[in-house]
Amino acid sequence: MNTDQKFLGEGLGFDDVLLVPQRSSIRSRFSGEISTAARVVRGIPPIQIPILSANMDTVTGWRMATTMALWGAFGVIHRFMSVDDQIKEVRRVKERMRVMEDHPPVISQNATIADARRMLRERERGYVIVHAGDLFNGILVGIATPRDFDAGSPNTPLSQVMTPLERMWTVPPGATLEEAVEVMRQKRIEKIPVVSEDGKLHGVFTMKDHEYYENYPNASLDAKGRLLVGAAIGVQEGDIERALRLVEAEVDVLVLDIAHGELDYTQEILRRLKIIEGVKTPIAAGNVATVDGAKYIRDCGADGVKVGVGPGYVCETRDVAGVGVPQVTAILNAAKAYQNDQDRIPIIGDGGIRMPGDVAKAIAAGADTIMIGSLLAGTEESPGEPVDQDGMLMKMVRGMASASAFERRRALGESTTSAEDYVPEGRTTFTPYKGKASKVLKKLRGGLLSGMSYSNARSIEEMHDRAQFVIVKNPMSPEQRRPLQS
Ligand code: XMP
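Residues numbered from 1 in each chain as written. Predicted model: local features only at pLDDT ≥ 70, side-chain atom pairs only at ≥ 80, totals over all residues. Heavy atoms only, no water.

**Student:** So what exactly am I meant to see when it comes to the overall build of the protein here?
**Tutor:** Looking only at helices and strands, the protein features 16 helices and 19 strands. For 486 residues, the compact-globule formula gives about 23 Å, and the C-alpha radius of gyration of the protein, at 25 Å, lands near that figure. Along the longest, intermediate and shortest principal axes, the C-alpha atoms of the protein span 85 × 60 × 55 Å. Looking at the protein as a whole, 51% of its 486 residues are labelled buried. (Helix = DSSP H or I, 4+ residues; strand = E, 2+ residues; numbered from the N terminus. Rg over C-alpha atoms; globule rule 2.2 N^0.38 Å. Buried < 20%, exposed > 50% of the residue type's maximum accessible area, 1.4 Å probe, protein only.)

Right, dumping it as structure tokens:
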């Protein structure tokens, strides 16, 4: 044993460093001179707020992922549910915003009001398109909305209450959303079908869809104008199938969720998905914390790397296994691993964010985006309801390697380890209820903008290049640092 090589140097966490103020030409962080646009992974458009909500079952389901993407961030839906349920959650996010509905709810003209109501319960739309003939060769004959349903009984044929084609406004194929909105405004209507001369339906534009684009100008969107969303997969045999089904549901990013990413299996699963199955959807993988770990993830063919071993609020890996690397050093290690790469894969700094300033520090160290668990777990959009504890509203947050999360995995048939043999590396606790997630995002982005202006950085790339740290000799203990409360 060569004892000289036992220590790999010192590790620095967020508490151990501060950013150094630099001479800056940025007038104000509010002046719009600073862009926080960032790359999440190779292969999807950049997002405007470099924050990802963590794939934890007390953090990201479809509601959190939708909110994140609407405001310009990104959510990764957790995997502790059946494949069918995870697909449904992905679809719910993808269906929220669209330029044009290309699969509108279409129903036969022989259907009744009860049939149409049933269809809308499943499709969650404000209308049905009434069709003559079969779905593929038929033609549009009318449109009906829930208001029309009130004009008849459940057994009334739709054709009696619908607005027939002769009284409808339509636009031809090729019309843009703006053109459709113009017609809808003029005619004071909320929906307008796209219909070709032969009566075939090509889609439907709605005012509601248009309003989303107006109300959320920074939304994270795919090439078709739909919200971006990621989903986690694991390392069980069934996870290849899970990944393929998620790809079919048009998820934008797959996140390979392994606590210790420098595992032979990472290479195996990436090879199976990318080479054997030909998956084109970008895949982020992790977690790692060393230069070699980051190189390994890149060499396995991942499109992004998740960095962080042990910094999470509900993590117990450092206590239980004695393993971890303080997060600033872990991110610096990944940045070092890729410093000479041409098309560098983006770095996701995962875990340990307690204060807005930590976001600036993570990005200064080389992260493109950061992933947040506990700070978002206390919001309205995280799964679960707030509970009253001694007069304070709290929400549960649990480590995905905690005993209670393990119980759930066992119930889903995801693990065959017995409860007695399982050694948890995460805990379950409660965090103050903070209201809307957008409030947390705003605070975190505000802190980042401030850190960037002190560092004279107008972009994430400039922050990587220009920001500098000092090491704090006597940092406050974690107990002294009060995490963001509201
Ligand atoms: P924060 O600090 O934002 O961190 O809550 C979120 C990240 O923590 C990781 N995580 C865990 N790590 N045991 C661990 O060692 C766990 O049970 C556990 N659960 C979550 C994960 O990387 C997440 O994104």
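**Student:** Just checking my understanding: could you explain the site of the ligand for this structure?
**Tutor:** In the neighbourhood of the ligand, 21 residues make up the surrounding shell, with Cys 315, Thr 317, Asp 350, Ser 374 and Ala 401 lying closest. One of the side-chain nitrogen or oxygen atoms of Ser 374 is found 2.5 Å away from an oxygen atom of the ligand. Considered on its own, the ligand offers 520 Å² of accessible surface; in the complex 90% of this is hidden by protein. Looking at side-chain class alone, the shell around the ligand contains eight nonpolar, 10 polar and three charged residues. (Near = heavy atom within 4 Å. Polar contact = N/O pair within 3.5 Å; in protein donor to acceptor, adjacent residues only side chain to side chain. Areas by Shrake-Rupley, 256 points an atom, 1.4 Å probe, with all protein chains shown as cover. Nonpolar A, V, L, I, M, F, W, Y, C, P; charged D, E, K, R; others polar.)

**Student:** Where do I start with helix α15 (residues 437-454) in this structure?
**Tutor:** For α15, with 18 residues, the first-to-last C-alpha span of 26 Å sits near the 26 Å given by 1.5 Å per residue. A large share of α15 lies buried, amounting to 13 of its 18 residues. Of the residues flanking the end of α15, it is Asn 456, one or two places downstream, whose phi is positive at about 55°. (Expected span 1.5 Å × (residues − 1).)

**Student:** Is there a simple way to think about the side chain of Asp 358 in this case?
**Tutor:** Considering the arrangement of structural elements, one finds Asp 358 in helix α12 (residues 356-365). Residue class for Asp 358 comes out buried when judged on its relative accessible area of 0%. A distance of 2.9 Å separates the side chain of Asp 358 from the backbone nitrogen of Arg 354, its partner in a polar contact.

**Student:** Teacher, can you tell me more about the pairing of strand β9 (residues 201-206) here?
**Tutor:** Sheet faces and side chains relate simply in a regular strand, where the side chains alternate between the two faces. Bridging between strand β8 (residues 191-195) and β9 involves five bridges; their strand directions are antiparallel. Paired with Val 194 across the strands is Gly 203, a residue of β9. Counting the residues between successive antiparallel strands, the hairpin from β8 to β9 contains five residues, one of them, Gly 199, with a positive phi of roughly 85°. (Pairing = 2+ DSSP bridges.)

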